[in-house]
Amino acid sequence: MIKAIRGTRDILPPASALWNHVEAATRHVFRTFHYHEIRTPIFEETALFARGVGQDTDIVSKEMYTWDDRDGTSITLRPENTASVIRAYIEHRLDQIPGLKKLYYIGPMFRRERPQKGRYRQFSQIGAECIGSDSPVIDAEMIELALEVLVRCGVQNPHLLLNSVGCATCRPRFVEALRERLQHVKHTMCADCQRRADTNALRVLDCKVPEDQNIIDSLPSILEHLCQPCAQHFETVKSMIEARGIDYEIRSRLVRGLDYYTRTTFEVTHGALGAQNSILGGGRYDGLAESLGSRIPAPGIGFSIGEDRLVMAIEEHVKAEDLARLDVFLIALGDAALKHAALLARDLRAQGISVELSADHKVKRAMETANKLNARYALILGDNEIAAGVYALKDMASGEQQNLSKSALLSAFNA
RNA sequence: GCGCGUGUAGCUCAGCCGGUAGUAGCGCCAGAUUGUGGUUCUGGAUGUCGUGGGUUCGAAUCCCACCACGCGCCCCA
């Protein structure tokens, strides 16, 4: 038997209804914020990600699906979408179009990691980017947008973590200070931290080993090392978020794994997702366009939601079975009724009512099917009903049945 | 990539001090005569016991490898 590739999966009904619900709610929110969809290719030149995401990140150095095309070009399945969006922005000179570019996307990403609950090799991200401004006002609205998407999809109690990682001026100074401090204390820390102290000092801040926490707490904080412009930017972001009534937690140790982030970074976590408790991550990337070789500056900020994790977070209170539920199971008895039923089904569907035509010949059999499908109503149409000009509508939950004229039937569903 | 754990009917599982699987529960299919489901009763189908090797007269049961999933690490959405 051929089975789905490791780390990939099939999303079947009724679970797929949950995905449709999430995507429909998401698109609605984006429309109200005047964000519009961009669809970029699933694969790009490898160099785009190497330069955009960062050669030294785990994503680029060991998680990408990369191969050589027939002409020798190195091609990679996208591990994330921000680099592609910026590439498209530059390529199509979107900076020449008036207004900020407010774009969103929904689609599959690919990373070759060890599969785990909430972590797949093909996974879907819902993301947004606002390109063309470095104003902190944009940061605050982006964060509001991100939370609004989550809440409208049904996420309860999203927890916002906020930080600033500085810019090309102040971050290197901080990393140097951090590294120097670590030289004195790293020998008392876990093996991973000893290694990271030299290779990627920032990641030490993210260590979860309990014994290391006291030491980490004593390490310098990036927030105390921000340059004046970055500190001012961060203050404005915070006050703008507060003005929106959004709760947040400053997490100065929040370190993102993509090299392009500058200044504002944020993350949303949610309980009951296991080790992969991060449902959304985002931040500003003012130098990304330039690092892709563009002479067009394209300061921006964005976020991406792990759609798989978002679905996991809501499936406890948003039931796929309810979303996919059948309204009417239409039981037609006899040839005349079948033809009549086809037209009735068309009228009901035109009103947005879901209708399934019975393929069963016996009423008893059909009722059993209606019950198993968990239909709200069974609608019986036979010679008796045709002769009387009525429809027998049975409420499957209460068992009540009544004969209704066509107009009464159509209006019965409007309630 | 590393460590731990799990892998038996569609699903949840029992069997696991070795002798070729269970009347298990749920589900599925069929029946209890006429155009009415959910309860009940009766009958029925379905498994290369994750895959491949090894030990043994004999393995679902022991050993090894691989695969998949879960948890943790790493990383991130």
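Here, the structure is the one placed above.
A quick note: this is a predicted structure, and the numbers were derived from the prediction, not measured.

Student: It is not clear to me how the nonpolar core should be interpreted in this structure. Could you clarify?
Tutor: Where a protein is soluble and globular, its nonpolar side chains tend to be buried together. Judged by nonpolar contacts, the single largest core of 69 residues is most densely connected at Leu145, Phe266, Phe303 and Leu310. In this structure, Ala50, Val60, Ala83 and Val85 belong to the second largest nonpolar core, which totals 31 residues.

Student: Where do I start with the side chain of Ser294 in this structure?
Tutor: Here Ser294 lies in the loop between α11 (288–291) and β11 (300–306). Apart from the residues lying within four places of it in its own chain, the contact partners of Ser294 are Ile90 and Ala289.

Student: Would you mind going over the sheet that holds strand β2 (residues 43–45) with me for this structure?
Tutor: To summarise the sheet geometry, strands pair through backbone hydrogen bonds and adopt either a parallel or an antiparallel arrangement. If you walk across this open sheet you meet the three strands as β2-β4-β3, and the pairing is antiparallel. Among the strands making up the open sheet, the edge pair consists of β2 and β3 (66–68). The mean angle between the axes of side-by-side strands here comes to 30 degrees, regardless of whether they run parallel or antiparallel.

Student: Please clarify how the packing of helix α1 (residues 15–32) against helix α5 (residues 136–153) should be interpreted in this entry.
Tutor: Axis angle and axis distance: for two packed helices, these are the angle between their axes and the distance between the axes, and together they describe the pair. Viewed as axis vectors pointing N to C, α1 and α5 meet at an angle of 140 degrees, and their least axial separation amounts to 9 Å. The angle between the axes of α1 and α5 places the two elements in the oblique class. When the axes of α1 and α5 are compared, the crossing they make is right-handed. Contacts between α1 and α5 involve His21, Val22, Ala25, Thr26, His28, Val29 and Phe30 from the first element and Leu145, Glu148, Val149, Arg152 and Cys153 from the second. Of the residues in the contact of α1 with α5, the class split is seven nonpolar, three polar and two charged.

Student: When you look at the sheet that holds β11 in this model, what are you seeing that I'm missing?
Tutor: Read from one edge to the other, the open sheet built from eight strands follows the order β1-β5-β6-β11-β10-β9-β7-β8, with strand pairing classed as mixed. Since the sheet does not close on itself, it has two edges, and those belong to β1 (36–37) and β8 (249–250), each with one partner. Where strand β9 (residues 262–269) lies against strand β10 (residues 278–284), six bridges are found, and the strand directions are antiparallel. Along β10, the bridge assignment pairs Glu267 with Gly281. Each of β5 (101–110), β6 (122–131), β7 (159–164), β9, β10 and β11 is contacted by α5, which is oriented at about 15 degrees to β11, the strand it contacts most.

Student: It is not clear to me how the pattern of salt bridges should be interpreted in this structure. Could you clarify?
Tutor: Two side chains that carry opposite charge are able to pair once their charged atoms sit near each other. One pass over the structure, following the stated rule, counts 19 salt bridges. Between Arg253 and Asp217 there is a salt bridge; the shortest N-O distance is 2.5 Å. Of the two residues, Arg253 sits in the loop between β8 and β9 while Asp217 sits in helix α9 (residues 213–218), which places them 36 residues apart along the sequence. The salt bridge involving Asp327 is made with Arg376; its shortest N-O contact spans 2.8 Å. Of the two residues, Asp327 sits in the loop between α13 (320–323) and β12 (328–332) while Arg376 sits in the loop between α15 (363–372) and β14 (377–381), which places them 49 residues apart along the sequence. A relative accessible area of 18% means that Asp327 is categorised as buried.

Student: Explain the state of the cysteines here, please?
Tutor: Simply put, disulfide is the name for a covalent bond between the sulfur atoms of two cysteines. Counted by the stated rule, this structure contains zero disulfides. We note that Cys230 lacks a disulfide partner, and the nearest cysteine sulfur, in Cys167, lies 3.4 Å from it. We classify Cys230 as buried; its relative accessible area is 1%.

Student: Is there a simple way to think about the pairing of β5 in this case?
Tutor: In the case of a regular strand, side chains alternate between the two sheet surfaces. Within β5, eight of the ten residues are buried, which leaves the element mostly enclosed by the surrounding structure. The sheet contact formed by β1 and β5 spans two bridges and is parallel. What sits directly across from His36, in β5, is Leu103. As paired strands, β5 and β6 are joined by ten bridges and run antiparallel to one another.

Student: Mind showing me how you'd approach the packing of helix α6 (residues 170–185) against helix α7 (residues 191–199) here?
Tutor: Two elements in contact, α6 and α7, have axes whose closest approach is 9 Å; the angle formed by their N-to-C orientations is 145 degrees. As α6 runs across α7, the sense of the crossing is left-handed. Contacts from Arg179, Leu182 and Gln183 in α6 reach Ala197, Asp198 and Thr199 in α7. Tallied by class, the residues present in the contact of α6 with α7 amount to two nonpolar, two polar and two charged.

Student: Where do I start with unusual backbone geometry in this structure?
Tutor: Excluding glycine, residues mostly have negative phi values, and the peptide bonds linking residues are mostly trans. Of note, the amide linkage connecting Pro13 to Pro14 takes the cis form, showing an omega dihedral of 5 degrees. Structurally, Pro14 is set in the segment before α1. Even without glycine at this site, Asn157 takes up a positive phi of about 55 degrees. Within the fold, Asn157 resides in the loop between α5 and β7. With a relative accessible area of 69%, Asn157 lands in the exposed category.

So, how was this worked out
Residues numbered from 1 in each chain as written. Chains lettered and ligands numbered in written order. Predicted model: local features only at pLDDT ≥ 70, side-chain atom pairs only at ≥ 80, totals over all residues. Heavy atoms only, no water. Core = buried A, V, L, I, M, F, W, Y, C linked by side-chain atoms within 4.5 Å. Buried < 20%, exposed > 50% of the residue type's maximum accessible area, 1.4 Å probe, protein only. Helix = DSSP H or I, 4+ residues; strand = E, 2+ residues; numbered from the N terminus. Contact = heavy atoms within 4.5 Å. Pairing = 2+ DSSP bridges. Axes fitted to C-alpha atoms, helices over the stretch in contact; angles between N-to-C directions. Parallel < 35°, antiparallel > 145°, perpendicular 65-115°, else oblique. Left-handed = near helix turned anticlockwise from the far one by under 90°. Nonpolar A, V, L, I, M, F, W, Y, C, P; charged D, E, K, R; others polar. Salt bridge = Lys/Arg side-chain N within 4 Å of Asp/Glu carboxyl O. Disulfide = S-S within 2.5 Å.

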